[in-house]
Amino acid sequence: MSPARPQRVCVLGATGSVGVNTLDVIERHPDRFELVAISGHRNIERLAQQTRAFQPRWVVVPDDEARHQLQDLLGPVTTDILVGEAALAEVAASPDVDVVMAAIVGSAGLTSSLAAARAGKRLLLANKESLVVAGDLLMRAVAESGAQLLPIDSEHNAIFQCLPAEHRRQGVASVLLTASGGPFLHTPAAQLARVTPAQAVAHPNWSMGAKISVDSASLMNKGLELIEACWLFGLTPADVEVVVHPESIIHSMVRYLDGSVIAQLGTPDMRTPIAYGLGYPERITSGSAPLAFDPTLKLTFDQPDRQRFPCLRLAEEAIAAGGTLPTVLNAANEVSVAAFLDERLGFTDLARINEQTMDRLGTMAVSSVEQLLEVDHRARQVATTVIKEMSA
Ligand code: NAD
Ligand code: MG
């Protein structure tokens, strides 16, 4: 069964890994979805291809240079090219949009995620940093506007699927957040300082953007996801057990008071959670390969190593302290990951930069989005200073 008229979808971060997968699912269901707006930041060639293929009403680019480049690549088209961060929020809140996929990476996605939430959209949230930076404000905006927030991060999508449909906390003992452990799961501590960006982004199971791949390697991703889970499902860190599951077949689980554990399984393919969010409450095809239950299927489990991967511990400390500390950690981490990818830092420096930035800035009570954006800005400056001091 298809809806009476196609849902009008806006994909922010269309040129990235989640964005491309989203367009792939949308293309499979022309009767259900109409792509009306997309955005891209750097890869303007890909944005031009997507514009030609889908002919959305709006395309958002970061600046005039990107607009000229896109215009040259496209020639005469009916698509309106909009420029700048304010335009991202504008299309996300447009009355001509029903569904917003928030797939921008980093805190750069916050204002547009918030705009979609305030405008009461169905918000498909891949941009976990929005919740890490401003979880309280974003969840409140969703509640006040009647927006529908569906998690796209595979673990949170799995938890959403495993929770009771009604009375979502009833009988729940804990949430089991699975972690692949990343490419350095078995790398001895002494070798971690010398691993390269190329090794860090080579994730064993998932093909993702560079930033989240480094986060997966450092377990910062699991730390950010712990914070994300607390906001999404109204949990405390004590309600969440992080479990290493290197095969990435179980995407997360819910443990119930009666001893039952409900898991969501599937091949590691982001099109599954994306299709779940797009089709909800119906199930639609995603293009992902069916999971084969044969002797090659192995499901193994372990505990995370917070000694070798201190970023997980930093996230636990940040959410426990609350206030603006998760915002500080997220900003420091965006700066340190960029420096690592640029070969200006070693892998084990990531946690040191993040921790020192947290120590220097401490936490404050959250008052407004403007304050959080200011804290984000300040934490980036402090992290940059810490990196300079370390390499002096
Ligand atoms: P990516 O780097 O592949 O793509 C990021 C997108 O954001 C691109 O379209 C890029 O042009 C845009 N972008 C980058 N900087 C921007 C800025 N300053 N302003 C506006 N747009 C900007 O990233 P990704 O792997 O697709 O991840 C996107 C988000 O989804 C992240 O928050 C990530 O944590 C989350 N996520 C990704 C995956 C995955 O499989 N890739 C899984 C779960 C969650
Ligand atoms: Mg995830």
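Here, the structure is the one placed above.
About the cut-offs
Residues numbered from 1 in each chain as written. Chains lettered and ligands numbered in written order. Predicted model: local features only at pLDDT ≥ 70, side-chain atom pairs only at ≥ 80, totals over all residues. Heavy atoms only, no water. Phe/Tyr/Trp six-rings, centres within 6.5 Å; stacked < 30°, edge-to-face > 60°. Helix = DSSP H or I, 4+ residues; strand = E, 2+ residues; numbered from the N terminus. Buried < 20%, exposed > 50% of the residue type's maximum accessible area, 1.4 Å probe, protein only. Core = buried A, V, L, I, M, F, W, Y, C linked by side-chain atoms within 4.5 Å. Contact = heavy atoms within 4.5 Å. Pairing = 2+ DSSP bridges. Right-handed = clockwise from strand over helix to strand, strands pointing away. Near = heavy atom within 4 Å. Polar contact = N/O pair within 3.5 Å; in protein donor to acceptor, adjacent residues only side chain to side chain. Nonpolar A, V, L, I, M, F, W, Y, C, P; charged D, E, K, R; others polar. Salt bridge = Lys/Arg side-chain N within 4 Å of Asp/Glu carboxyl O. Axes fitted to C-alpha atoms, helices over the stretch in contact; angles between N-to-C directions.

This brings us to the packing of aromatic side chains. One pass over the structure, following the stated rule, counts five aromatic pairs. Ring geometry for Phe160 versus Tyr280: centroids 5.6 Å apart, planes at 70°, classification edge-to-face. Of this pair, Phe160 sits in helix H7 (residues 154-162) while Tyr280 sits in the loop between helix H12 (271-279) and helix H13 (310-321); the two residues are 120 residues apart in sequence, bridging distant segments of the chain. Seen in terms of ring centroids, Phe340 and Phe347 are 5.7 Å apart; in terms of plane orientation they differ by 65°. Their pairing is edge-to-face. The pair Phe340 / Phe347 is uniform in exposure class, with both members buried. What links up through ring pairs into an aromatic cluster is the set Phe160, Tyr276 and Tyr280.

Counting residues in each nonpolar core, the largest one holds 123 residues, and the members touching the most others are Val11, Leu70, Met101 and Leu278. Broken down by element, the residue count for this core peaks at nine residues, all from helix H14 (residues 325-341). Other than its neighbours up to four places away in sequence, Leu278 contacts Val9, Val25, Ile26, Phe33, Val99, Arg122, Leu124 and Ile284.

Looking now at the pairing of strand S4 (residues 80-83). Note that strand S3 (residues 58-61) and S4 share four bridges and pair parallel. In the sheet register, Trp58 faces S4, and the bridge partner there is Asp80. Tracing the backbone out of S3, into helix H3 (residues 64-74) and back to the parallel element S4 gives a crossover that is right-handed.

Attention now goes to the site of ligand 1. Taken together, 22 residues lie around ligand 1, and Thr15, Ser17, His41, Glu129 and Gly209 are the ones closest in. Between Thr15 and ligand 1, the recorded distance is 2.7 Å, taken from a side-chain N or O atom to an oxygen atom. Residues of the shell around ligand 1, tallied by class, amount to 10 nonpolar, eight polar and four charged.

All right, on to the pattern of salt bridges then. Following the criterion strictly, the structure yields 26 salt bridges and no others. With a shortest N-O distance of 3.0 Å, Arg255 and Glu241 are connected by a salt bridge. On the criterion of sequence distance, the pair formed by Arg255 in strand S10 (residues 250-256) and Glu241 in strand S9 (residues 240-244) is long-range, its members being 14 residues apart. Classification of Glu241 as partly exposed rests on a relative accessible area of 29%. Here Asp376 ties to Arg380 by a salt bridge, and the two come within 2.8 Å at their closest N and O atoms. With Asp376 and Arg380 both in helix H16 (residues 369-391), this residue pair falls four residues apart, about one helical turn. Taking relative accessible area as the criterion, Asp376 reaches 9% and is therefore assigned buried. Look at Arg380 and you get partly exposed, because its relative accessible area is 25%.

Now for the sheet that holds S4. Sheet architecture is open: seven strands sit in the order S4-S3-S2-S1-S5-S6-S7, paired in parallel fashion. Edge positions in the sheet fall to S4 and strand S7 (148-151), since each has one partner strand and no second. Each neighbouring strand pair of the sheet contributes to a mean axis angle of 25°, computed without reference to strand direction. Here strand S5 (residues 99-102) runs beside strand S6 (residues 122-125); their pairing, made up of four bridges, is parallel. Note on S6: the bridge partner recorded for Ala102 is Leu125. Taken strand by strand, helix H1 (residues 17-27) contacts strand S1 (7-12), strand S2 (33-39) and S5, and its axis lies near 160° from that of S1. Against the sheet, helix H4 (residues 85-92) touches S1, S2, S3, S4 and S5, its axis set at about 160° to S1.

Moving on, we come to the side chain of Arg271. Along the chain, Arg271 falls in helix H12. For Arg271, a relative accessible area of 14% translates into the label buried. A distance of 3.0 Å separates a polar atom in the side chain of Arg271 from the backbone oxygen of Gly287. Other than its neighbours up to four places away in sequence, Arg271 contacts Asn21, Asp24, Val25, Arg28, Ser286, Gly287 and Ser288.

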